[in-house]
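Coordinate inspection notes
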Amino acid sequence: MRFTTFIGLIGGFLLIIVIISAGGMQKYFLNPIAFLITFGGTFFAMIVYHSPKSLLSTLRVLTSLFFSEQVYPRYYAETLIDMARESRKVGFIPLTKKQEIKKHKFLHSALLLLADGS
């Protein structure tokens, strides 16, 4: 789970707890009927508006939000700089065959496009 996702979830729950503790009516926040109307209505409105293909795509994105690998921008920046230096010497095609680059789908696809001249 990404750190920002974790912070967002915890922050949302803490906000509800603080509002209830400050004198908010608990029955409004913990009402199962209100929960069903809010989230059920949102869910079915999404089904009405979006195509099945779009909904499955959204489900994959939501799944990756909680279960994807951590991204390290510094690593990718250093990798891109190294690749730029190496591509000046040997070109893009040999870079596309490296196993380290094949692990990263986005980098591999970008290099294939550069090698094709797209």
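Coordinates for the structure precede this section.
The structure reproduced in this document is the subject of the present report. (Residues numbered from 1 in each chain as written. Predicted model: local features only at pLDDT ≥ 70, side-chain atom pairs only at ≥ 80, totals over all residues. Heavy atoms only, no water.)

As for the overall build of the protein
When its secondary structure is counted, the protein shows eight helices and zero strands. Taken from N to C terminus, the helices and strands of the protein fall in the order α-α-α-α-α-α-α-α. Over its C-alpha atoms the protein spans a radius of gyration of 23 Å, topping by over 25% the 13 Å that the globule rule assigns to 118 residues. For the protein, the C-alpha atoms occupy an extent of roughly 70 × 35 × 20 Å along the three principal directions. Across the 118 residues of the protein, 9% fall into the buried class. Total accessible area on the protein is roughly 10,100 Å²; 70% of this is exposed by carbon and sulfur atoms. (Helix = DSSP H or I, 4+ residues; strand = E, 2+ residues; numbered from the N terminus. Rg over C-alpha atoms; globule rule 2.2 N^0.38 Å. Buried < 20%, exposed > 50% of the residue type's maximum accessible area, 1.4 Å probe, protein only. Areas by Shrake-Rupley, 256 points an atom, 1.4 Å probe, with all protein chains shown as cover.)

Quick word on the layout of surface pockets
It is a probe the size of a water molecule, rolled over the atoms, that shows where empty space is left. Approximately 350 Å³ is the volume attributed to the largest pocket. If you go around the largest pocket, the residues you meet are Glu69, Gln70, Val71, Tyr72, Tyr75, Tyr76, Lys103, His104, Lys105 and Phe106. Going through the elements one at a time, helix H5 (73-90) and helix H8 (105-116) are the ones with two or more residues in the lining of the largest pocket. (1 Å grid on protein atoms, 1.4 Å probe; cavity = no way out; pocket = protein on both sides within 12 Å on 5 of 7 lines; lining within 4 Å. Points joined across faces, edges and corners; volume = space filled by probe spheres on them.)

Structural notes on the packing of aromatic side chains
Using the criterion set out here, one finds three aromatic pairs in the structure. Between Phe43 and Phe44, the aromatic rings sit 5.2 Å apart at their centres with planes inclined by 75 degrees, giving edge-to-face as the arrangement. Residue Phe43 is classed as partly exposed on the basis of its relative accessible area of 44%. Measuring from centroid to centroid gives 5.3 Å for Tyr75 and Tyr76, while their planes differ by 70 degrees, and the two rings are edge-to-face. Judged by its relative accessible area of 33%, Tyr75 is partly exposed. Judged by relative accessible area, Tyr76 falls into the partly exposed class, the value being 27%. (Phe/Tyr/Trp six-rings, centres within 6.5 Å; stacked < 30°, edge-to-face > 60°.)

Looking at the nonpolar core
In this structure, Met83, Leu95, Ile101, Leu107 and Leu111 together form the largest nonpolar core, which totals five residues. Apart from the residues within four sequence positions on either side, Ile101 is in contact with Met83, Leu95, Leu107, His108 and Leu111. (Core = buried A, V, L, I, M, F, W, Y, C linked by side-chain atoms within 4.5 Å. Contact = heavy atoms within 4.5 Å.)

Topic: the environment of Leu65
Among the secondary structure elements, Leu65 is positioned in helix H4 (residues 52-67). When the C-alpha positions of Leu65 and Lys97 are compared, they lie 30 Å apart, and in sequence the two are 32 residues distant.

Digging into the environment of Thr63
Mapping Thr63 onto the fold places it in helix H4. Using a relative accessible area of 39% as the deciding quantity, one classes Thr63 as partly exposed. It is 31 Å that separates the C-alpha atoms of Thr63 and Gln26, two residues lying 37 residues apart in sequence. At 2.8 Å, the side chain of Thr63 forms a polar contact with the backbone oxygen of Leu59. (Polar contact = N/O pair within 3.5 Å; in protein donor to acceptor, adjacent residues only side chain to side chain.)

Observations concerning a nonpolar patch on the surface
A cluster of nonpolar side chains, Leu15, Ile16, Ile19, Met25, Tyr28, Phe29 and Leu30, forms an exposed patch at the surface whose accessible area comes to about 680 Å². Elements supplying a minimum of two residues to the nonpolar patch: helix H1 (3-21) and helix H2 (26-29). Take the nonpolar patch: its biggest share by element is three residues, from H1. Residue position: Leu30 is located in the loop between H2 and helix H3 (32-49). Residue Leu30 is classed as exposed on the basis of its relative accessible area of 54%. (Patch = residues over 30% accessible without salt bridge, like charges linked within 9 Å, V, L, I, M, F, W, Y side chains within 5 Å. Salt bridge = Lys/Arg side-chain N within 4 Å of Asp/Glu carboxyl O.)

Everything listed is a geometric property; what it means functionally is a separate question.
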